[in-house]
Amino acid sequence: MYSHKSFGTSRSMSYRAGSPNTSAEIHDGYTDKQQEQYTKYLKKLKTEFQDRWGQKPNFSIEFSDLERLKTLGSGAFGRVILLKHSKNNKLYAMKVLEKEKVIKMKQVEHSLYEKRVLEAIRFPFTVSMECSFKDNSYIYFVMPFVPGGEMFMHLRRMNKFEEPLAKFYASQVVLALEYLHFCNLVYRDLKPENIMIDKNGYLKITDFGFCKVLQGRTWTLCGTPEYLAPELILSKGYGFSVDWWSFGVLLYEMNAGYPPFYSNEPMKTYEKIVAGKYRCPSSFSSDLRDLVRNVLQVDISKRFGVMKDGVLDYKNHKWFKGIEWDAIVNCRVQPPFVPKYKNAYDTGNFDKYEEEPFVPASYCRYESVFIDF
Ligand SMILES: Nc1ncnc2c1ncn2[C@@H]1O[C@H](COP(=O)(O)OP(=O)(O)OP(=O)(O)O)[C@@H](O)[C@H]1O
Ligand SMILES: [Mg+2]
C-alpha cells in the first residue's frame, strides 16, 4: 500500500519522520518513539497556529476579482459558492453568512470563532482561509475549492465504504482531530457532510462553525443529533471527548452506511445514545467491532482518544494494522478511491441548488456586532 508518490501535501507542511526503525525495532503499529517524534512536528504546527491566531492576516485577494459561478452547498446560516479569480482563474469556495440570520440564530460568537480558526489552522486534512470580507449585509469566508464533494454523497452513492477505504479516511480523521486537539481546538461537528474529498482522494474537513478554543470544559449544546456525545446531551461539562465519540459514530456510519443511533425523533435518538445502545452489522470484522466498542464508550474514562495513551490507542489498534501513519500525513499512500471530475469547473460531485442573488443593504447593518470580523 505504501508508495513514495506524493498525492499533494505542500512541501512546507510535510512531516519528516526520523530515520526508519532498525529491524530489531520493527513494530507492528506506531511506537512511542515515533509518536514522540511526531509530537515535535505537532508542537511546531501549534506554534505556527498560535502565531497566526494572534495576528491580523494579510490577504492579497480583492473581492472585485472574484467571479461567482455556482452554489455548492447551503446550510442553516447561508450558502457556499464556487468562485473564479478573474486574473489567475483559480477556483475558490466562499461561505456567505447573512449577518441578520447569524444574529437571529445566536451564532455571532461561533462565526467569529469560525473565521479565526480558519485563518489560523494549517493541516493537510483541514480547509483553511484564503481571505475574508464583509459588506453591509454579509460576511464572506473564502477557502480553497475542494472538488470531490462531501463524503456524505459518496457514502450514499456507494451505500457503505469497503473497510480499506473506511480505514484510509478514518486514519486522516484521527490525525486531523489529533492536530486540532493539540492546538486546544474542539471541533464539535464531525459528520460526513462536513468532510470533503479533495481531487487527490484525500480528505479536507470543512465547517468550523462550532469549533472553539477549549480552556477546561464547556457546556454549549451544539452539533448534529446522531453525532452528539452522551456527555453533551446530558449537559455535563465536556471536552475533547465529544469529538472522539463523533469519530466513533463516523467510523460506524462509514462501514455500515447508516449511523449507530437513529430514530425519527431526536429525543429517541438521544435516549439510545445515552444508553450506548447499538448493534454492529454482521459485515463488521471483529477488529472493527472492537474499535467501535472502544470509541462508543458512554463512560469517558474508557473512551479511546482521551485515555492516558491518547491517540496512540488508535494508531496501535488492530483495525488500523497496515496504516503507515507518517505516509498518510504526507499524502504518500495511494488512495483507494479518487473522485471523478471532468475538468476544474466540474461540480458533478455537488447537489444542485437554486441560485439566489446577494443584494447588500444600502447602509451597514449591525456594524458594531461584526466589528471584529
Ligand atoms: N472548501 C469547500 N469546497 C467545496 N465545497 C465546500 C467547501 N466548504 C464547504 N463546502 C460545501 O458547502 C457545504 C456547506 O458548508 P458548511 O458545512 O461550511 O456550512 P453549513 O453546514 O451551512 O454551516 P453550518 O453547519 O454552520 O450551518 C458543505 O457541506 C460542502 O458541501
Ligand atoms: Mg456543514
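A quick note: this is a predicted structure, and the numbers were derived from the prediction, not measured. (Residues numbered from 1 in each chain as written. Chains lettered and ligands numbered in written order. Predicted model: local features only at pLDDT ≥ 70, side-chain atom pairs only at ≥ 80, totals over all residues. Heavy atoms only, no water.)

Turning our attention to the UniProt feature "domain: AGC-kinase C-terminal" (unreviewed entry) in the protein chain. The UniProt record annotates "domain: AGC-kinase C-terminal" (unreviewed entry) at residues 321-373. With 9% helix and 0% strand, the stretch residues 321-373 has end C-alpha atoms that lie 45 Å from each other. (UniProt positions renumbered as here; feature names shortened; annotations may be inferred. Helix = DSSP H or I, 4+ residues; strand = E, 2+ residues; numbered from the N terminus.)

This next bit is on the coordination of the magnesium ion (ligand 2). Looking at the magnesium ion (ligand 2), one finds its protein donor set to be Asn194 (OD1) and Asp207 (OD), positioned 2.1 to 2.2 Å from the metal centre. A residue pair is termed long-range when its members are at least 10 positions apart, and Asn194 in the loop between β6 (185-186) and β7 (195-197) and Asp207 in the loop between β8 (203-205) and β9 (212-213) qualify at 13 residues. (Donors = N, O, S within 2.8 Å, 3.2 Å for Na, K, Ca; no water.)

This part is about the pairing of strand β4 (residues 131-134). Taken together, the four bridges between β4 and strand β5 (residues 138-144) define a ladder with antiparallel strand orientation. Among the inter-strand pairings, Phe133 is bridged to a residue of β5, identified as Tyr140. (Pairing = 2+ DSSP bridges.)

Relative to the elements of secondary structure, Ser285 occurs in the loop between α8 (266-275) and α9 (286-295). Take Ser285: its relative accessible area is 25%, and that puts it in the partly exposed class. Along the backbone, Ser285 and Glu48 are 237 residues apart, and their C-alpha atoms lie at a distance of 40 Å. With residues near it in sequence (within four places) discarded, Ser285 still touches Glu163 and Trp319. (Buried < 20%, exposed > 50% of the residue type's maximum accessible area, 1.4 Å probe, protein only. Contact = heavy atoms within 4.5 Å.)

Strand pairing in a sheet relies on backbone hydrogen bonds. The paired strands run either parallel or antiparallel. Pairing in this open sheet of five strands is antiparallel, and the strands run β1-β2-β3-β5-β4 from one edge to the other. What marks the edges here is a single partner per strand, and that holds for β1 (66-74) and β4. With strand direction ignored, the average angle separating the axes of adjacent strands in the sheet is 25 degrees. Here seven bridges tie β1 to strand β2 (residues 78-85), and the two strands are oriented antiparallel to one another. Pairing of Lys70 across the sheet is with Leu82, part of β2. Against the sheet, helix α3 (residues 108-120) touches β3 (91-98), β4 and β5, its axis set at about 30 degrees to β5. (Axes fitted to C-alpha atoms, helices over the stretch in contact; angles between N-to-C directions.)

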